[in-house]
Amino acid sequence: MALSHSLGFPRIGADRELKKALEAHWKGELDESGLQAVGRQLRAAHWQLQKDAGIDLLPVGDFAWYDQVLTHSLTFGVIPERFRPHSGKPSLETLFGMARGAVANNSGVGCCGGGHAQELTKWFDSNYHYLVPEFSADQQFQLSWQQLFEEVDEAHALGHSVKPVLIGPRTYLWLGKVKGDASFDKLELLERLLPVYGEILQRLAAQGVEWVQIDEPILALDLPQAWKNAFERAYNLLQRDPGKKLIATYFAGLEDNLGLAANLPVDGLHIDLVRAPEQFSSILDRLPAYKVLSLGVVNGRNVWRTDLQQTLAILQQAQERLGERLWVAPSCSLLHSPVDLNREDQLDSELKSWLAFAVQKCEEVALLTTALNDPQNAKVQAALAQSRAVQARRAQSPRIHKPAVQARLAAITAADSQRQSPFVQRIEQQRARLQLPALPTTTIGSFPQTAAIRLARQAFKAGKLSADEYTAAMHGEIRHAVAVQENLGLDVLVHGEAERNDMVEYFAEQLDGYAFSRFGWVQSYGSRCVKPALIYGDLSRPRPMTVEWSRYAQTLTSKVMKGMLTGPVTMLMWSFPREDISREQQARQLALAIRDEVVDLEAAGIKIVQIDEAAFREGLPLRQAQWQGYLDWATESFRLAACGVRDETQIHTHMCYSEFNDVIESIAAMDADVITIETSRSDMQLLQAFEAFDYPSDIGPGVYDIHSPRVPDSAEMLKLLRKAARRIPAERLWVNPDCGLKTRAWPETEAALVNMVAAARQLRAELA
Ligand code: GLN
Ligand code: ZN
């Protein structure tokens, strides 16, 4: 019999119960036993949901109080010195300290010296963020946290058949960083770490566990040879420990690591057939005959229903070869999908019939498994028939397929993604027109999103504020932002983005082809969740989206008002994309919609338009061999969005959290006139890339970090600016903060900008 299993379930709760409980606990409104009770209820509910859906083997260890990598750090005793409890025994407070900083306050920002939080970074190519383990060269590991064993007992007590989930030793080490001694190779920690895995496996076996899932997603990355070798060494040692081991890989294909992964001395292998369907036949050929193969066929990273008929055909082929050794699963942990579609009461039934969240994905896995084991089953037959019907309707639906959009896409020519003249000529015209001083000062777009703004938006959405009243309220905010900027003496102004809840959602709400869930939350980090918009059909812009706000703002000032848009790549990366057409095609559709907006802004008298591409760098595929393909279409989409304007109109772009070195040529190929980037936290280190490559256009390296309320003085910013001026010719240098100011309050914003303007003036005087 084929077996169905789940690699992990979203922990946050269908109503974000975990988020709410955590935040209440951090505020002191819920004590630890109350928090523990919420965790227990959620785990019990999630196991039951999966079981009811028909999953045979349920995951344990997918629940985490903050982050699963952090749970592992506690389990292994990888607790940085500054958080180590005097008793030697970590507690939940230790865990939250590591996640949020030792002196946590209500705003969730750790501060005030000592225990700064561990670094947070993206989990592979997802929007989930994990806490980076901090190793020292003399790192010791000891079993220090019992959560996994307690949860196994808990699941057993509820009568469940479970499979604990561990992050494998190779991946865990890969994710961490050695602090202090830069020459130390963390690979050397392997021998010290493995005994703890041994101990864990012993304990689990003693608890009556048969299978353990060991996640090694780095097997889908380009690995240095030493790391490949260490894989074999690690699993040769772990082989001696009890329990059957399933190695789980996901997010990409195994490619050159396929032989390695197939032959590790373990009992099973999970592969992601959604991201990498092409590995199917090679894995069938190369998997040793004693091993279980788990096929990840239901997409854990997106929200669409699986084409059951087509997927079943693949599984049947596998079944012929593997028989009993075939397992069926989602492609990866369901951590990355929303919880339960049944909660959605405001989606129309047609759209709903196209969607599947975590619960429904479990049902699909179970159904496919039953289809293998009991092909004549009536329920299976009915579900397959329904799936065929839904897929057929989708393929034809006029809600999805828009001839006008497709015709426009087909008519794109190379000239559309090309400015009229090269940068060196454009910039002369722009300088003559804009009449800015040297080192022009500007901001990245948003100003503080105050309680008043949020209240006005809520009232408007609830119908308590009329459209006119809402517009008047936003105009008031714009007037305020413009007045503040004029007082500060900034050179290029912005309207402040008061009307935007979110830089993607604001635009998505105005484009045809996007839909929104009410409860489709996905954990981003800790208690933070995001609710990405869904791209379900061909995208187009029925009417201008920002023009009236920008036009109004420009009437208030004689200074230059910068228009503010989100770029096509970022729109795509931060949405749930379609699966029936490529990401590239969706980016082009978005680019055309934004292009229309850029052209309309220009026609409305806006002389500078900024197109934010915050997610440009994070769209890079996991495998380097695929980078160029991505960079080509991503760059082209940006240009398609930007290049509808005359030479004299200046195009800015903005990117945050970016390591630019490896993509600098593509950033140059975007051909923006000005790029503003985050650099202050790295002390201008990021500029190295722009220097080494001789980046051609204007650059605004952020001179202060907007992620904290701290107000740097002008001497500090001047120092950074001088550093920047040594690398970038002064005539190409702009002065701006790191990112938008929407998360800040007005007092610190104004104080910091006063200092920023002063720093720019000082350097101007020195250079004159
Ligand atoms: N214009 C946006 C803002 O200022 C940019 C935000 C971002 O890059 N994340 O908020
Ligand atoms: Zn930014």
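In short, a report on the structure. Quick caveat, the model's predicted, so the values are computed rather than measured. (Residues numbered from 1 in each chain as written. Chains lettered and ligands numbered in written order. Predicted model: local features only at pLDDT ≥ 70, side-chain atom pairs only at ≥ 80, totals over all residues. Heavy atoms only, no water.)

1. So, the site of ligand 1
Spelled out, the test is: If a single non-hydrogen atom of a residue is within 4 Å of a molecule or strand, that residue counts as near it. In protein, a polar contact means a hydrogen-donor-capable atom and an acceptor-capable atom, both N or O and within 3.5 Å, with residues adjacent in sequence counting only if both atoms are side-chain atoms; elsewhere, any N or O pair within 3.5 Å suffices. Values of accessible area rely on a 1.4 Å probe in the Shrake-Rupley scheme; residue burial ignores everything except the protein chains shown. For this classification, the nonpolar set comprises Ala, Val, Leu, Ile, Met, Phe, Trp, Tyr, Cys and Pro, the charged set comprises Asp, Glu, Lys and Arg, and every other residue, Gly included, is treated as polar.
Lining the immediate surroundings of ligand 1 are 13 residues, of which Ser446, Glu497, Asp612, His654 and Gly740 lie closest. Asp612 places a side-chain nitrogen or oxygen 2.6 Å from a nitrogen atom of ligand 1. For ligand 1, whose accessible area on its own is 290 Å², the fraction buried by protein is 95%. For the shell around ligand 1, the per-class residue count stands at six nonpolar, four polar and three charged.

2. Some thoughts on the coordination of the zinc ion (ligand 2)
Octahedral six-donor coordination of a metal ideally yields angles of 90 or 180 degrees, compared with 109.5 degrees for tetrahedral four-donor coordination. As a reminder of what qualifies: Coordinating donors are taken to be N, O and S atoms lying within 2.8 Å of the metal, or within 3.2 Å when the metal is Na, K or Ca; because water is excluded from the atom set, some sites may appear incomplete. Geometry is assigned from donor-metal-donor angles: four donors are tetrahedral when every angle falls between 85 and 135 degrees, four are square planar and six octahedral when opposite donors sit over 155 degrees apart with all other angles between 65 and 115, and any other arrangement is irregular. Strands here mean DSSP runs of E at least two residues long; helices mean DSSP runs of H or I at least four residues long; both are numbered from the N terminus. Only protein chains enter the accessibility calculation, which uses a 1.4 Å probe; a residue whose area is less than 20% of its type maximum is buried, one above 50% is exposed, and one in between is partly exposed.
On the protein side, the zinc ion (ligand 2) has His654 (NE2), Cys656 (SG) and Cys739 (SG) as donor atoms, found 2.0 to 2.3 Å from it. One can describe the donor arrangement at the zinc ion (ligand 2) as irregular, given that its four donor atoms subtend angles of 84 to 121° at the metal. Sequence spacing of the donor residues for the zinc ion (ligand 2), all on one chain, is H-x1-C-x82-C. Highlighted residues: Cys656 in the loop between β20 (650-655) and α24 (664-669) and Cys739 in the loop between α26 (714-727) and α27 (746-767), separated in sequence by 83 residues. Cys739 carries the same exposure label as Cys656, and that label is buried.

3. With respect to helix α7 (residues 190-206)
Applied cut-off: Expected span of a helix: the number of residues minus one, times 1.5 Å.
Counted at 1.5 Å a residue, the expected span for α7 with its 17 residues is 24 Å, and the 24 Å between its end C-alpha atoms agrees. Phi turns positive one or two residues past the end of α7, at Gly208, with a value near 90°.

4. Quick look at the side chain of Thr442
As a reminder of what qualifies: Any two residues having at least one pair of non-hydrogen atoms within 4.5 Å are treated as being in contact.
You can see Thr442 is positioned in the loop between α16 (423-434) and α17 (451-461). Residue classification places Thr442 among the buried residues on the basis of a relative accessible area of 0%. Excluding residues within four positions of it along the chain, Thr442 makes contact with Leu490, Val492, Lys562, Trp734, Val735, Asn736, Pro737 and Met756.

5. Observations regarding the sheet that holds strand β21 (residues 674-677)
Rules: Strands were regarded as paired on the criterion that DSSP finds at least two bridges between them.
Taken in spatial order, the six strands line up as β13-β18-β19-β20-β21-β22 in an open sheet, and their pairing is parallel. In this open sheet, the two edge strands, each paired with only one partner strand, are β13 (492-493) and β22 (698-701). Where β20 lies against β21, four bridges are found, and the strand directions are parallel. Directly across from Met655, in β21, lies its bridge partner Ile677.

6. Notes on the sheet that holds strand β9 (residues 244-248)
Rules: Fitting a line to C-alpha atoms yields each axis, with helices limited to the stretch in contact; the angle taken between N-to-C directions then spans 0 to 180 degrees.
Strand order in the open sheet made by the eight strands is β1-β12-β11-β10-β9-β8-β6-β2, with parallel pairing throughout. Both outer strands of the open sheet, β1 (3-4) and β2 (58-60), are each paired with one neighbouring strand and no more. The strands that α7 touches are β6 (162-167), β8 (211-215) and β9; relative to β6, the one it contacts most, it runs at about 170°.

Any functional reading would require information that these geometric values do not contain.
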